[in-house]
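# Report on the structure
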Amino acid sequence: MNQPNQMPKNEPEWKKKLTPEQYQVLREKGTEQPFSGKFYNSKEKGMYVCAACGNELFSSDTKFDSGTGWPSFDAPVAEGRVKLRPDTSHGMNRTEVICGQCGSHLGHLFDDGPATTGKRYCINSVCLDLKPKSE
């Protein structure tokens, strides 16, 4: 079994660490059904981290209701926490969002977010864990 901060070195190790749904989305670039994830409508305060490696990704302070059925954020918590790659799959031109630490697929970036940044990081709930804010 992997230690908490030990990164899997190959796909069989990732398969052991993640649930089948997490593996399908995080490692095989899948997508969960809209309005089905545990965080799409969550108002809990805290830090959203990568479910694969624990990398801090998004603060709940940047989360907003986009009406799309997936958790949406207007900015990552810090530079380098996520990386962006061109994605031309499914006949579309999109920008893929991946974890800056483990390279797992998180979702996509769109230019239709709130006025503060104009960005919408549309992230699959299954890719996230929430570290609740301490009172």
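See the structure above.
As a convention, each chain's residues are numbered from 1 in the sequence order in which they are written. Where totals are concerned, whole chains, interfaces and linings use all residues; where local detail is concerned, this predicted model gives features only for residues with pLDDT of at least 70, and gives and counts side-chain atom pairs only at 80 or more. Note: side-chain values were computed over all heavy atoms of the structure, leaving out hydrogens and water.

## Details of the pattern of salt bridges
Salt bridges are defined by distance alone: a side-chain nitrogen of Lys or Arg within 4 Å of a carboxyl oxygen of Asp or Glu. Inspection of the entire model under this criterion finds eight salt bridges. When the shortest N-O distance is used, the salt bridge between Glu96 and Lys29 registers 3.4 Å. Of this pair, Glu96 sits in strand 6 (residues 94-99) while Lys29 sits in the loop between helix 2 (20-27) and strand 1 (46-50), and the two are 67 residues apart along the sequence. Several salt bridges share partner residues, and in doing so they unite Lys29, Arg85 and Glu96 into one network. To qualify as a helix, a DSSP run of H or I must reach at least 4 residues; to qualify as a strand, a run of E must reach at least 2; elements of each kind are numbered from the N terminus.

## Topic: the packing of aromatic side chains
Any pair of Phe, Tyr and Trp rings, taking the six-membered ring for Trp, is counted once the centres come within 6.5 Å. Such a pair is stacked with planes under 30 degrees apart, edge-to-face with planes over 60 apart, and tilted for the rest. Per the counting criterion, the structure on display carries five aromatic pairs. Here the aromatic rings of Phe39 and Tyr48 are separated by 5.2 Å at their centres, their planes lie at 85 degrees, and the arrangement is edge-to-face. With a centroid separation of 5.2 Å and 65 degrees between ring planes, the pair formed by Tyr48 and Phe73 is classed as edge-to-face. Here Tyr48 is found in strand 1, whereas its partner Phe73 is found in strand 4 (residues 72-73), with 25 residues between them in sequence. The class of Tyr48 is buried, set by a relative accessible area of 0%. Summary of the burial criterion: residues with accessible area below 20% of their type's maximum are buried, those above 50% are exposed, and those between are partly exposed, where the area comes from a 1.4 Å probe applied to protein chains only.

## Observations regarding the sheet that holds strand 6
Adjacent strands of a sheet pair through backbone hydrogen bonds, lying either parallel or antiparallel. Whether two strands pair comes down to DSSP finding at least two bridges between them. Ordered in space as 3-4-8-7-6-5, the six strands form an open sheet in which the pairing is antiparallel. Whereas interior strands pair on both sides, the edge strands pair on one side only; in this sheet they are strand 3 (63-64) and strand 5 (82-87). Bridge analysis of strand 3 against strand 4 gives two bridges, and the strand direction is antiparallel. Bridge pairing in strand 4 links Phe64 to Ser72.

## Things to note about helix 2
Burial in helix 2 covers these residues: Gln22, Tyr23, Val25 and Leu26. We call two residues in contact whenever any of their non-hydrogen atoms come within 4.5 Å of each other. Contacts from the buried residues of helix 2 go to helix 1 (11-17) and strand 7 (105-110). In the stretch just after helix 2, Lys29 is the one whose phi turns positive, near 60 degrees.

## Points about unusual backbone geometry
Within the chain, Lys29 stands out as a residue other than glycine whose phi angle is a positive 60 degrees. Accessibility expressed as a relative area gives 47% for Lys29, which makes it partly exposed. A positive phi is found at Phe35, a non-glycine position, where the angle reads about 65 degrees.

## Points about the sheet that holds strand 9 (residues 128-132)
The sheet built from three strands is open, its strands ordered 2-1-9 with antiparallel pairing. If you trace the sheet from one side to the other, it starts and ends with strand 2 (56-59) and strand 9, each paired once. Adjacent strand axes in the sheet meet at a mean angle of 35 degrees when their direction is disregarded. In this analysis, axes come from line fits to C-alpha atoms, helices being fitted only over the stretch in contact, and the angle between any two N-to-C directions falls in the range 0 to 180 degrees.

## Things to note about the side chain of His105
Along the chain, His105 turns up in strand 7. Judged by relative accessible area, which is 2%, His105 ranks as buried. His105 has contacts with Val25, Leu26, Lys29, Gly30, Glu96, Val97, Ile98, Asn124 and Cys127, leaving out every residue within four places of it along the chain.

## Section: the nonpolar core
By nonpolar core we mean a set of buried residues, namely Ala, Val, Leu, Ile, Met, Phe, Trp, Tyr and Cys, connected to one another through side-chain atoms within 4.5 Å. Cys50, Leu57, Phe58, Leu106, Tyr121 and Ile123 are the most contacted members of the largest nonpolar core, which totals 26 residues. Those elements giving two or more residues to this core turn out to be helix 2, strand 1, strand 2, strand 6, strand 7, strand 8 (120-123) and strand 9. Of all the elements, helix 2 adds the most residues to this core, at three residues. With residues near it in sequence (within four places) discarded, Cys50 still touches Asn55, Leu57, Cys99, Cys102, Leu106 and Cys127.

Fair warning: the whole summary comes from geometry, so function is off the table for now.
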